[in-house]
Amino acid sequence: MALRDLWGRLKGGKPEGEAAPKPEAAPPKPEAAPPEPEAAAPDEPPKPGGLLSRLNPFGGAKEAEPAAEQPAGFFARLKAGLSRSTQKLTEGLSFLAKRRLDDAALEELEETLITADLGVAASRRVVEGFRRARFGKEATEEEIREALAEEIARILEPVARPLRIARDKRPHVVLVAGVNGVGKTTTIAKLADQYRAEGLSCWLVAGDTFRAAAVEQLQVWGERTGARVVVPAKPGADAAGLAHDALREAREAGVDVLLVDTAGRLHNKSALMDELRKVVRVIGKLDAEAPHTTLLVLDATTGQNAVQQVKVFKEMVDVTGLVVTKLDGSAKGGVVVALAQEFGLPVHAVGVGETAADLRPFDAREFARSLVGLA
């Protein structure tokens, strides 16, 4: 074959003297692919093969081929979950290494901590600790991280308190509140699973009576955890009345724990917040001490907005403790430090994944070291 003929073929042409091939018939157009199913909203009931199939402690089957292998221990999952927060925080610390910690350096450190969502008050407290212990000294980056973890742990240790169930209450009523999509219902399911493992009987109350999907979701969790679910007779039923009746029945049955779900409500909607206060008021008519625990569930990905949520919910109901979820995908894990400094409320648990084992009692030192990237 002549070189120019080969060159013509490579360019998509034809050799000289060769007839152009007849155009082939265009292949039939492939049928349009079916549209991708829409992702379920946070409060919709899980669909087969989705979240439920990955919650092995709840009795679901494992997925045949998980997308990614999870790190082994909880500490490893916490560290992996906080990696984005760690990167955001430690990127700003390299400038301190081998540098004299003078006023200018400490001012830069404070700015770094604030941008990492630790909040102004907590950041100033950490910097003052550095000023007392290390002012005018030089340190390696590792030494700075160790010192930073110690200062953060001092802020967190007073609020790291596991949720204790009072065995003499029967039932110990736990009211779970929070804005839309923070993971209230899933948190309830994980708690119910853990209480059952401890030998406690547990009932769930489907207090989000405005959405049928929310009731159905809690019923699915009830089946998985072996907990009875008290549901409204019809959509839109009075949530306060439902909680009152559930508490009465649970007392008669000698149930250990009553977990009350509530409708997701925006913290800036006063009418919805009034409904939450009504639930508390009506429960109190049957048991003056109930609810014995009022948990506020917060989504770590909201950052400083979580601080505003706590302020408003505390004004409406007696929030006794916090659960912080979704630390597995957040670059705003530092907000836990801001919450501890601002409110001093117990942080009972943190969530770093979807399984029941991924909701664990909050450990201040473990969290602080993970946040700054220490093993």
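The shown structure was predicted, so the numbers you read here are calculated from the model rather than taken from an experiment.

Asker: Residue-level account of the overall build of the protein, with values.
Answerer: Counting secondary structure elements, the protein contains 14 helices and 8 strands. Burial analysis of the protein (375 residues in total) assigns 48% to the buried set. If you take every contact in the protein between residues at least 6 apart in sequence, the share linking residues at least 24 apart comes to 78%. Accessible surface computed for the protein: about 18600 Å², of which carbon and sulfur atoms make up 51%.

Asker: Run through the pattern of salt bridges, naming residues and quoting values.
Answerer: Considering all chains together, one arrives at 16 salt bridges under this definition. Notably, a salt bridge pairs Glu 110 with Arg 124, separated by 3.4 Å at the nearest N-O pair. Pair noted here: Glu 110 is in helix α5 (residues 103-115) and Arg 124 is in helix α6 (residues 120-134), with a separation of 14 residues, a long-range link. A salt bridge links Arg 228 to Glu 249, with the nearest nitrogen and oxygen atoms 3.1 Å apart. Residue Arg 228 is located in strand β3 (residues 228-230), and its partner Glu 249 is located in helix α10 (residues 239-253); the two are separated by 21 residues in the primary sequence. What makes Arg 228 partly exposed here is its relative accessible area of 41%. On the basis of relative accessibility, which here comes to 27%, the residue Glu 249 falls in the partly exposed class. Through salt bridges with shared partners, a single network forms among Asp 103, Glu 128 and Arg 131.

Asker: With reference to specific residues and values, describe the sheet that holds β3.
Answerer: Strand order in the open sheet formed by 8 strands is β3-β2-β4-β1-β5-β6-β7-β8, and the pairing between neighbours is mixed. Of all the strands in the sheet, the pair left with one neighbour each is β3 and β8 (359-361). Mean inter-strand twist for the sheet, computed between neighbouring axes without regard to direction, equals 25°. With 4 bridges joining them, strand β1 (residues 172-177) and strand β4 (residues 257-260) adopt parallel strand pairing. Bridge pairing in β4 places Leu 175 opposite Val 260.

Asker: So what's going on with helix α14 (residues 364-371)? Residues and values would help.
Answerer: Of all the positions in α14, only Ala 364, Phe 367, Ala 368, Ser 370 and Leu 371 are classed as buried. Buried residues along α14 cover an arc of 165° about the axis, so they all sit on one side. The N-capping residue of α14, defined by a side-chain oxygen 3.2 Å from the backbone nitrogen of Arg 365, is Asp 363. Where α14 terminates, the next one or two residues include Gly 373, which has phi positive at roughly 80°.

Asker: I'd like to hear about unusual backbone geometry, residue by residue, with values.
Answerer: The omega torsion of the bond from Arg 170 to Pro 171 falls at 5°, within 30 degrees of zero and hence cis. Counting through the fold element by element, Pro 171 comes out in the loop between α7 (141-156) and β1. Cis peptide bonds are those with omega within 30 degrees of zero, and the linkage from Ala 290 to Pro 291 qualifies with -5°. Positive phi values are uncommon outside glycine, yet Asp 117 reaches one of about 70°.

What counts, and at which threshold
- Residues numbered from 1 in each chain as written.
- Predicted model: local features only at pLDDT ≥ 70, side-chain atom pairs only at ≥ 80, totals over all residues.
- Heavy atoms only, no water.
- Helix = DSSP H or I, 4+ residues; strand = E, 2+ residues; numbered from the N terminus.
- Buried < 20%, exposed > 50% of the residue type's maximum accessible area, 1.4 Å probe, protein only.
- Contact = heavy atoms within 4.5 Å.
- Areas by Shrake-Rupley, 256 points an atom, 1.4 Å probe, with all protein chains shown as cover.
- Salt bridge = Lys/Arg side-chain N within 4 Å of Asp/Glu carboxyl O.
- Pairing = 2+ DSSP bridges.
- Axes fitted to C-alpha atoms, helices over the stretch in contact; angles between N-to-C directions.
- Arc of directions from axis to C-beta.
- Polar contact = N/O pair within 3.5 Å; in protein donor to acceptor, adjacent residues only side chain to side chain.

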